[in-house]
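Here is how the chains run, residue by residue.
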Amino acid sequence: MNRPRGSLAAGLALGGLILALGLVAPFLYPADPYALHPAQALQAPSLAFPLGTDELGRDNLALVLAGGLATLVVALPAAALAFAAGLAYGLLAGLAPPWADKILMRLLDVVLALPSLIVLLFFAALVPLNNTSLILLLGLISWPGLARLVRNETRAQRGRDFIFAAEQAGAGRLYLARAHLLRVIAPVLVVNGTFMVGDAIFALSALSFLGLGVQPPQVSWGSLLETALNIIALDPWWLILPPGLLVFGSLLAASLTGQGLLRRWGEAR
Amino acid sequence: MISMILRRAASSSLSVFVLVTLVFFMAHLTPGGPAYSILGQKATLASVAQVNARLGLDQPLLKQYGIWWWHLAHGQLGYSYLLNRPVGALLWSYERNTLVFYSAAITLSTALAILLGLAQGVWFGRWPARLIGAFQLGFYAAPPFFVAAMLVLWFAVQLGWLPASGITDLRSAHPGLGAYAAHLVLPVTTVTLLTVSPLSRYFGEAVHEELGKDYVRTARAKGVGFLRILFAHVLRNALRPLVTMLGLSFPYIFTGGVIVESVFNYPGLGWLMWRSALAQDYPVLIAIVLIIGLLTVIGNLLADLVNGLLDPRASYE
Amino acid sequence: MSPVLEIRNLSVALPRGGAGLVKVLEDFSLAIAPGEMLGLVGESGSGKTIAALSIMRLLPPGAALSGEIRLGGQNLAQASEAEMRRVRGKRIGMVFQNPLAALNPSRSVAAQIAEAWRVHEGGSARAARARALDLLGEVGIPNPAARLDDYPHQFSGGMRQRVMIAMALACAPQLLIADEPSTGLDPLVAAQIMALITRLRRERDMAVLFVTHDLSVVRDHADSIHVLYAGRSAEWGGARDFFAQPRHPYSEALLGAVPRLGVARLRTIPGALPEPEARPPGCRFAPRCAYVRPDCTATDPPPLRAGGTHAACLYPLSAAPPAEPAPDLPAGERRYLPLLQARALGVRYPGHAAPALQGVSLELGRGECLGIVGASGSGKSTLGRAILQMQPHTGQVTLNGQDVTALRGAALRGWRRRLQVVFQDPRESMNPRMRVGEIIAEPLVLQGQTARAANAARVAELLNNVGLSAEMASRFPATLSGGQAQRVAIARALAAQPELIVLDEPTSALDVSTQAMLLNLLKALGRRLGLSYILISHDFAVVSYMADRIAVLREGQVVETGPVARLISAPRDAYTAALVGAARR
């Protein structure tokens, strides 16, 4: 938190690296992640298999890269969806008359209190889990935090004199939202949007870890960790470190970038 | 103050009611059903219908919902379909484990957070605070399953110092307290590492902010020494955000975390909730959700109450 | 008699935003005798607060300090932190502005006063509590025994400041430093605090260093005056001589800029206060001085004894300043065409027992300025917001006979546009992420005028009207000074071509010289454009300078309305009389 200026650059660099690993590298690395080499099962890293092999003898590097692609193609759109939903709901509540705001916020309280795992289990039983449904489900459970933040920010800004001055000059609700509120809360939005990307990657990994996310035979960072943990007694450190570090790195990149942005705007304001 | 707490308790119980209702219908509308968990996936339709009739699941949903409240009003939480035990007793046997585990972890991380936060607030912007900041950033971003996996890998698998999972040594007939304690070390360390980061960070920022306030300058102008300013003036005012956060994490002391408990195969309430949800063991699942809802409310109220004691202004607002 | 405190050649430099150390106070010397009250006067950036904090060695970290600060035989400039702790609160007491922030919100006043005693004198908790009780009684807290365990927020602003004073007096210090202790308080309460400090220093033969931006506050109480400008002493000496004949042009200008009852014209000081990084060579005041000569910018002026005071000026004023031209005071009551009528306005905030506003009726003529005066909490801002329709209210408001209560939607917005507003805090009243040009053009855009070139030309014209250059249009509000920002707010109000502007404490966040400039600007604009004003302020003198008529508000009700001259000469209500009595003359 106290790292001056460097944090934004470090966050962006780390984030760029992870995006490149997840979105570009799978198409560059030739090995087939699903090809089995039973004779070479559970081998430590070597020249032939830079990150070793899993218990079925699959190339771990290829698995990690494929898992990254599977994670990012779900997590990134899900974060965008949750962002849009949270922003819309928050603005609606923030601009609504007090009684409607009260109802909307009480509703939000309930949604926030719902254990997201149970919601997911419910929907997972209703619809088959694939990339599209996962994006929708993940988006569905991730928006309330931002909605509350946007609503609170909007309410706080609405009491400020410049809003009154605009109203005195003839501004309506839509104009206020567009010309004033969105503009003042833009830094908060960008910062929290950054955090949400990290959160989506984490949420999807956690779900996959529990078996509810990306479905087999497709692998993801979370499911790779889960399978590795099942055989942890065999000390397969090369199976645990790469996917774990990548999820960790994603969250770290989001934190660093978000904090860097926050500090920059904090100084500008 | 009291009327405010009553008002908030009333409005929160409404939220809990809506929550429980939602979960009840969601759980019951989920395709499949507990019969398959009991009989296995290859069960015949006839045997499934028989089980459903025995469990009362063939009744209209609204009636089942009414019956659930009727039983609750009489202090009954029902029977677990899967384990065929009263839910109350079942919950308690898992609850004990979670309570020990999480109260140890939260106590430890609160103590650590106060130490780290004080250091961070006092040395704000200088190297000790930056070091703490880097630690916080790292563990703030660390996913719990990764931290848990790494701890198991190092201390249980490679070094063999500590047991990797479970709650006690199953091989010995009369495991001592030592065995329980050894099994707690890794889970407690994991949760402590993960929770101390946000707690200490908010507290550290609060300490820094309070140290910059006018009343601190006033105290200095009276000739009060720095340590006395820190402990007699600043600490109490800076504790408020920490208390609020602890209030928010209050439910976890009782419900634990699904992920950490499942990594360590620790039979706590979070683990039970996950198992019941997968097996569609409705009575257990809904009872746990009810508990989480109530604990959330209680946690918030406790935080308000403590903050009301810390800050005399709160009671007048 | 040897002085209690003697400062010699004190200079202070502070680290400012990466620019390294910047000198904020230079070559400052003064002496205070026992029982003497010295008024240290200056506008923002003058270094007055830094001087006060230097004595206590409470400067922000990284500050560099040189010179001598002698308290008795001890040089505080060289003292260690441990030695300073024995001085602070024991030999020097200090009272700060804004007592709500300066007191710890979560400790009782008894604990906070007792702490000041116990830190130095030790002793039992019981003895310290008894001491706190004595002190609370001495500073005039009614029924002190019952209030010992109350918390700061349970006291009114004036009572809180009395608690602060009690705390500073706990160990009977030789010197009391009071940093703007009455600023921000209602005028009547501020007068009581001044009287209290005066009484205490007489009773205790205690020296008082009174720091203020407002010369008139210390006029009746100080024995001597020391005026600072931009980090340097401008003039110092006996208060009687100073007020009879200020010698430094800045002192003269500052005195002339303060609104007082019966003053027809405020002096405007051209230009703005220099930033510490960009202070001019030679005499700091030279660029703004009405009497400047070529050699003023060449050398630092030495202190010259001129009459009863010393002035750091090459050409101190000798004669009395030229008499102002006779004011064109309205001979009788002028007649106005009616513009706005408010009837039986009432506002009740949820959760409050007493209404914020009750049965308020007002009339305002075209081209008239109506002043609304009242203490904080009297409902004066609520009244302004009710008239502007920012606040739901009961009762009726009509503009040119058109009743607003019947209007909805576009018609209501059109009605509201004819009334504009200027708020107290100019920064709060502008979107921090909009440029000045956009802010001023907003009323135009909202009226459907979206032609960029035409709007830019209009913005330039409006900026020119309020005395700003057209280049300002590309700036962000955060880069403006308080006075500039308030001018932009006025330009925005003018852009809507209003018939009436509500001015809600428009100058109370500004320095004295900026306030004078702004009041003169508003007066000129009103006359030229035929504007009507409602001026809301706690400051009777400011309102009397601007307004044709004044309405006095107390606890949500109008207690008296009348022409300014009549209200001053023959107030009918006791509260009005008290306000007039406390106003500057």
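In this text the structure is predicted, and so the values were computed from the model without any measurement.

The rules behind the values
Residues numbered from 1 in each chain as written. Chains lettered and ligands numbered in written order. Predicted model: local features only at pLDDT ≥ 70, side-chain atom pairs only at ≥ 80, totals over all residues. Heavy atoms only, no water. Phe/Tyr/Trp six-rings, centres within 6.5 Å; stacked < 30°, edge-to-face > 60°. Helix = DSSP H or I, 4+ residues; strand = E, 2+ residues; numbered from the N terminus. Buried < 20%, exposed > 50% of the residue type's maximum accessible area, 1.4 Å probe, protein only. Contact = heavy atoms within 4.5 Å. Buried area = accessible area lost by both parts, 1.4 Å probe. Salt bridge = Lys/Arg side-chain N within 4 Å of Asp/Glu carboxyl O. Nonpolar A, V, L, I, M, F, W, Y, C, P; charged D, E, K, R; others polar. Pairing = 2+ DSSP bridges. Axes fitted to C-alpha atoms, helices over the stretch in contact; angles between N-to-C directions. Parallel < 35°, antiparallel > 145°, perpendicular 65-115°, else oblique. Left-handed = near helix turned anticlockwise from the far one by under 90°. Patch = residues over 30% accessible without salt bridge, like charges linked within 9 Å, V, L, I, M, F, W, Y side chains within 5 Å. Areas by Shrake-Rupley, 256 points an atom, 1.4 Å probe, with all protein chains shown as cover. Core = buried A, V, L, I, M, F, W, Y, C linked by side-chain atoms within 4.5 Å. Polar contact = N/O pair within 3.5 Å; in protein donor to acceptor, adjacent residues only side chain to side chain. pLDDT = per-residue confidence, 0-100. Lys, Arg positive; Asp, Glu negative; His and termini not counted. Expected span 1.5 Å × (residues − 1).

## A look at the packing of aromatic side chains
Across all of its chains, the model carries 20 aromatic pairs over all chains by this definition. An angle of 10° between the planes, with centres 5.9 Å apart, marks the rings of F202(A) and F145(B) as stacked. Of this pair, F202(A) sits in helix α9 (residues 173-209) while F145(B) sits in helix α7 (residues 144-158), on two different chains. Relative accessible area serves as the criterion here: at 23%, F202(A) is assigned to the partly exposed category. Ring plane angle 40° and centroid distance 5.0 Å describe the contact between F25(B) and Y65(B), whose orientation is recorded as tilted. With F25(B) in helix α1 (residues 2-29) and Y65(B) in helix α4 (residues 61-73), this residue pair connects regions lying 40 residues apart in the sequence.

## Brief notes about the interface of chain C and chain A
On the side of chain A, 19 residues touch chain C, which itself brings 22 residues to the contact. When chain C packs against chain A, the two sides together hide about 2100 Å² of surface, and 51% of this comes from carbon and sulfur. The largest contributions to the chain C side of the interface with chain A come from E428(C), R433(C) and L446(C), which together make up 29% of the buried area. One salt bridge connects R160(A) with E428(C), and the closest N-O pair in it is separated by 3.1 Å. Of all the secondary structure elements, the ones that give two or more residues to the side of chain C that touches chain A are α12 (380-388), α13 (409-417), β18 (419-422) and α14 (436-446) of chain C. Element by element, the count of residues in the side of chain C that touches chain A is highest for α14(C), at 4 residues. Tallied by class, residues from the side of chain C that touches chain A come to 10 nonpolar, 3 polar and 9 charged.

## A closer look at the sheet that holds strand β13 (residues 338-347) of chain C
In a beta sheet, neighbouring strands pair by backbone hydrogen bonds and run either parallel or antiparallel. Residue and element names in this part refer to chain C. Strand order in the open sheet made by the 4 strands is β14-β13-β16-β17, with antiparallel pairing throughout. Lying at the two open borders of the sheet, with one neighbouring strand each, are β14 (357-365) and β17 (402-403). In terms of strand pairing, β13 meets strand β16 (residues 394-399) through 5 bridges, oriented antiparallel. Counterpart to R343 in the pairing with β16 is Q396.

## Some points on the packing of α7(B) against helix α8 (residues 177-211) of chain B
Residues and elements named next belong to chain B. Relative orientation of the contacting elements α7 and α8 amounts to 140°, with a least axis distance of 10 Å. Put simply, α7 runs oblique to α8. Considering only the axes of α7 and α8, their crossing is right-handed. Here α7 contributes P144, V147, A148, L151, V152, F155 and A156 to the contact with α8, which in turn contributes L186, T189, T190, L193 and L194. Its residues assigned to classes, the contact of α7 with α8 shows 10 nonpolar, 2 polar and no charged.

## Some words on a nonpolar patch on the surface
Taken together, the side chains of L19(A), L23(A), V24(A), L28(A) and V73(A) present a nonpolar region at the surface, about 410 Å² in accessible area. By the element assignment, V73(A) lies in helix α3 (residues 60-95).

## Some words on the pairing of strand β15 (residues 369-373) of chain C
Residue and element names in this part refer to chain C. Of all 5 residues in β15, 5 are buried; the element is thus mostly enclosed. Residues C369, G371 and V373 point to one face of β15 and L370 and I372 to the other, with burial holding for every one of them. Where β15 lies against strand β20 (residues 532-537), 5 bridges are found, and the strand directions are parallel. Counterpart to L370 in the pairing with β20 is I534. In terms of strand pairing, β15 meets strand β21 (residues 549-554) through 4 bridges, oriented parallel. Bridging from a neighbouring strand, I372 pairs with A551 of β21.

## Brief notes about the packing of α1(B) against α4(B)
The angle between the axes and the distance between the axes are what describe a pair of packed helices. Residues and elements named next belong to chain B. Between α1 and α4, the least distance of the axes is 11 Å, while the angle of their chain directions is 135°. As the angle between them shows, α1 and α4 are arranged oblique. When you trace α1 past α4, the crossing you get is right-handed. Mapping the contact onto sequence places F17, V20, T21, F24, F25, H28 and L29 in α1 and L61, L62, Q64, Y65, W68 and W69 in α4. Within the contact of α1 with α4, the residues separate by chemical class into 10 nonpolar, 3 polar and no charged.

## Quick look at the sheet that holds strand β6 (residues 92-95) of chain C
Residue and element names in this part refer to chain C. Pairing in this open sheet of 8 strands is mixed, and the strands run β6-β7-β8-β3-β9-β10-β12-β11 from one edge to the other. In this open sheet, the two strands that pair with only one neighbour each are β6 and β11 (303-306). Going from strand to strand, the sheet's axes swing by 20° on average, the running direction of each strand aside. When strand β3 (residues 37-41) meets strand β8 (residues 207-212), the two strands line up parallel, connected through 5 bridges. Across the sheet, M37 pairs through a bridge with V208, a residue of β8. Packed onto the sheet, helix α11 (residues 249-257) meets β3, β9 (224-229) and β10 (232-238) and runs at close to 100° relative to β9.

## Details of the nonpolar core
Most often, soluble globular proteins keep nonpolar side chains buried together rather than apart. In terms of nonpolar packing, the biggest core is built from 155 residues, with L209(C) and I225(C) touching the most fellow members. Setting aside residues no more than four positions away along its own chain, I225(C) makes contact with G39(C), V41(C), L215(C), V218(C), E235(C), W236(C), G237(C), A239(C), F242(C) and F243(C). Formed by 114 residues, the second largest nonpolar core is a distinct cluster that contains I231(A), Y94(B), V260(B) and V263(B).

## Overview of the interface of chain B and chain A
Taken together, the contact between chain B and chain A spans 44 residues of the former and 42 residues of the latter. In total, about 3700 Å² of surface goes out of reach between chain B and chain A, with carbon and sulfur atoms giving 81% of it. Looking only at chain B, the three residues that lose the most surface to chain A are M26(B), F145(B) and W274(B), adding up to 17% of its buried area. In this structure, the connection of chain B to chain A is made through 0 salt bridges. Counting the contacts that link chain B with chain A gives 1 residue pair in polar contact (both at pLDDT 80 or more). Secondary-structure elements contributing two or more residues to the side of chain B that touches chain A are α1, α6 (127-141), α7, α8, α11 (258-263), α12 (269-279) and α13 (282-310) of chain B.

## Points about the confidence of the model for chain A
In the predicted model, chain A carries a mean pLDDT of 85, and the fraction of residues at 70 or more is 97%. Within chain A, the element-level pLDDT minimum falls on helix α5 (residues 116-126) of chain A, averaging 75, and the maximum on helix α8 (residues 161-168) of chain A, averaging 93.

## Side note on the confidence of the model for chain B
In the predicted model, chain B carries a mean pLDDT of 83, and 95% of its residues have values of at least 70. Scoring the predicted complex yields pTM 0.85 and, for the interface, ipTM 0.85.

## Quick word on the side chain of R279(C)
Residues and elements named next belong to chain C. Considering the arrangement of structural elements, one finds R279 in the loop between α11 and β11. Nearest to the buried, unbridged R279 among oppositely charged side chains is E26, at 4.4 Å. Among the polar contacts listed, one links the side chain of R279 to the backbone oxygen of G45, at a separation of 3.1 Å. Within the local environment of R279, its side chain forms a polar contact with the backbone oxygen of A230, the two atoms lying 3.2 Å apart. For R279, the contacting residues outside a window of four places in its chain are K23, V24, E26, G45, A230, G231, P274 and R284.

## Structural notes on helix α4 (residues 98-113) of chain A
Helical geometry: 3.6 residues make up each α-helical turn, so side chains three or four residues apart lie on a common side. Over its 16 residues, α4(A) extends 22 Å from the first C-alpha to the last, a length consistent with the 22 Å expected when each residue adds 1.5 Å. Every buried residue belonging to α4(A) is among A100(A), D101(A), L104(A), M105(A), L108(A) and V110(A), and all of these are buried.

## Let's talk about the side chain of T382(C)
All names here are of chain C. Looking at the secondary structure, you find T382 in helix α12. Here the side chain of T382 touches Y349 through a polar contact of 3.0 Å, side chain to side chain. Discounting residues that sit within four places of it in the chain, T382 has contacts with V347, Y349, A356, L357 and Q391.

## Topic: the pattern of salt bridges
Residue and element names in this part refer to chain B. Applying the stated rule across the entire model yields 35 salt bridges over all chains. Here D311 ties to R240 by a salt bridge, and the two come within 3.3 Å at their closest N and O atoms. A residue pair is termed long-range when its members are at least 10 positions apart, and D311 in the segment after α13 and R240 in helix α10 (residues 226-255) qualify at 71 residues. An identical accessibility class is assigned to D311 and R240; each is buried.

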